[in-house]
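Report on the structure
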Amino acid sequence: EPEVTQTPSHQVTQMGQEVILRCVPISNHLYFYWYRQILGQKVEFLVSFYNNEISEKSEIFDDQFSVERPDGSNFTLKIRSTKLEDSAMYFCASRMATEAFFGQGTRLTVV
Amino acid sequence: AQSVTQLGSHVSVSEGALVLLRCNYSSSVPPYLFWYVQYPNQGLQLLLKYTTGATLVKGINGFEAEFKKSETSFHLTKPSAHMSDAAEYFCAVIYGNTGFQKLVFGTGTRLLVSP
């Protein structure tokens, strides 16, 4: 069964460092998303991506964040200068029709 | 604004008891509705979804949910809880059928199952 894969599963980084979270969506899907879940809290929308451009972003997705689909398969989320409050689980999702498929997430810990 | 409300951050039931997790949404257009389950330290797994057609939908692990337009609700039920059902459950909505519409999640309900 096709699935969304995310790497790494866990990343520890120092405050101020850049991180790149990677996702491989399901191959024939057209819509891609990043969500964030701070420990014990709700799943929050960050950004959606379609046709090689951002279609919508939340207020969380400020200038420190960027997304790319560099090679037609990978979908990356970059945080330029991490802050302590960026510590969270980050989920990638892809969608063709109504159902969104989620990856297992990357747990980002900023120290 | 699009919103999803899940009543009760925690629900406790005994094994074998009925499970009822509540979800209400706000919408002026027909919604697509979903329930996702998250086991500890894992990702989000789709339990069931409503898009069109029959308002009572059945999902995995014996769960079902009923879309009630008049009540703007999509409550999740299971007749008999099992210990393995202990997890976090999220109700989510997509509004309309425009391709890039995002999923909006509720705050989640943690289901606790006691022996």
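The coordinates are above.
We now turn to the structure provided with this report. (Residues numbered from 1 in each chain as written. Chains lettered and ligands numbered in written order. Predicted model: local features only at pLDDT ≥ 70, side-chain atom pairs only at ≥ 80, totals over all residues. Heavy atoms only, no water.)

Time to look at the overall build of chain A. When you go through chain A residue by residue, the secondary structure sums to 0 helices and 11 strands. Reading the helices (α) and strands (β) of chain A from amino to carboxyl end gives β-β-β-β-β-β-β-β-β-β-β. Over its C-alpha trace chain A gives a radius of gyration of 13 Å, about what one expects of a compact globule, namely 13 Å for 111 residues. A separation of at least 24 residues holds for 52% of the contacts in chain A among residues at least 6 apart in sequence. For chain A, the exposed area adds up to about 5600 Å²; of that, 46% sits on carbon and sulfur atoms. Mean positive and mean negative side-chain charge positions of chain A (10 and 14 charges, respectively) differ by 2 Å. (Helix = DSSP H or I, 4+ residues; strand = E, 2+ residues; numbered from the N terminus. Rg over C-alpha atoms; globule rule 2.2 N^0.38 Å. Contact = heavy atoms within 4.5 Å. Areas by Shrake-Rupley, 256 points an atom, 1.4 Å probe, with all protein chains shown as cover. Lys, Arg positive; Asp, Glu negative; His and termini not counted. Charge placed at Lys NZ, Arg CZ, Asp CG, Glu CD.)

Tallying each qualifying case throughout the model produces 6 salt bridges over all chains. Of the charged contacts in the structure, one is a salt bridge between Lys 49 of chain B and Glu 99 of chain A, with a shortest N-O distance of 3.7 Å. One end of the pair, Lys 49 of chain B, is in strand E6 (residues 45-50); the other, Glu 99 of chain A, is in the loop between strand E9 (88-95) and strand E10 (100-102), on a second chain. What makes Lys 49 of chain B partly exposed here is its relative accessible area of 30%. (Salt bridge = Lys/Arg side-chain N within 4 Å of Asp/Glu carboxyl O. Buried < 20%, exposed > 50% of the residue type's maximum accessible area, 1.4 Å probe, protein only.)

Another point: the state of the cysteines. Scanning the entire structure with this criterion turns up 2 disulfides over all chains. Residue Cys 23 of chain A pairs covalently with Cys 92 of chain A via a disulfide, S to S 1.9 Å. Note on the Cys 23 of chain A and Cys 92 of chain A pair: the S-S dihedral is about -65°, so by sign convention the disulfide is left-handed. Of the two residues, Cys 23 of chain A sits in strand E3 (residues 19-24) while Cys 92 of chain A sits in strand E9, which places them 69 residues apart along the sequence. Using a relative accessible area of 0% as the deciding quantity, one classes Cys 23 of chain A as buried. Among the residues examined, Cys 92 of chain A registers a relative accessible area of 0% and is labelled buried. Through a disulfide, Cys 23 of chain B is tied to Cys 91 of chain B; the S-S separation comes to 1.9 Å. Handedness here is read from the sign of the S-S torsion; for Cys 23 of chain B and Cys 91 of chain B, about -65°, the answer is left-handed. (Disulfide = S-S within 2.5 Å.)

This brings us to the interface of chain B and chain A. Facing the 22 residues of chain B at the interface are 20 residues of chain A. When chain B packs against chain A, close to 1800 Å² is buried across both sides, 57% of that on carbon and sulfur atoms. In this structure, the connection of chain B to chain A is made through 6 residue pairs in polar contact (both at pLDDT 80 or more). Residue assignment for the side of chain B that touches chain A shows that the elements contributing at least two residues are strand E5 (31-38), E6 and strand E10 (87-95) of chain B. In terms of residue count, E5 of chain B provides more of the side of chain B that touches chain A than any other element does, 4 residues in total. Here the residues of the side of chain B that touches chain A sort into 10 nonpolar, 10 polar and 2 charged. (Buried area = accessible area lost by both parts, 1.4 Å probe. Polar contact = N/O pair within 3.5 Å; in protein donor to acceptor, adjacent residues only side chain to side chain. Nonpolar A, V, L, I, M, F, W, Y, C, P; charged D, E, K, R; others polar.)

Right, let's get into the packing of aromatic side chains. Scanning the model with the defined rule gives 17 aromatic pairs over all chains in all. Between Phe 102 of chain A and Phe 105 of chain B the ring centres are 5.8 Å apart and the planes differ by 70°, which places this aromatic pair in the edge-to-face class. Taken together, the positions of Phe 102 of chain A in strand E10 and Phe 105 of chain B in strand E11 (residues 104-105) put the pair across two chains. For Phe 102 of chain A, a relative accessible area of 8% corresponds to the buried category. (Phe/Tyr/Trp six-rings, centres within 6.5 Å; stacked < 30°, edge-to-face > 60°.)

Looking now at the pairing of strand E9 (residues 73-78) of chain B. Residue and element names in this part refer to chain B. With 5 of 6 residues buried, E9 lies mostly within the body of the structure. Pairing of strand E3 (residues 19-21) with E9, which is carried by 3 bridges, proceeds in the antiparallel orientation. Bridge assignment links Leu 21 to a residue of E9, and that residue is Leu 76. Here 5 bridges tie strand E8 (residues 64-68) to E9, and the two strands are oriented antiparallel to one another. Bridged to Glu 66 within E9 is His 75. (Pairing = 2+ DSSP bridges.)

What follows is about the side chain of Ser 94 of chain A. Residue and element names in this part refer to chain A. Position of Ser 94 among the secondary structure elements: in strand E9. Only 3.4 Å separates the side chain of Ser 94 from the backbone nitrogen of Ile 26, close enough to count as a polar contact. Here Ser 94 is in contact with Val 4, Pro 25, Ile 26, His 29, Tyr 31, Phe 32, Glu 99, Ala 100 and Phe 101, once residues within four sequence places are set aside.

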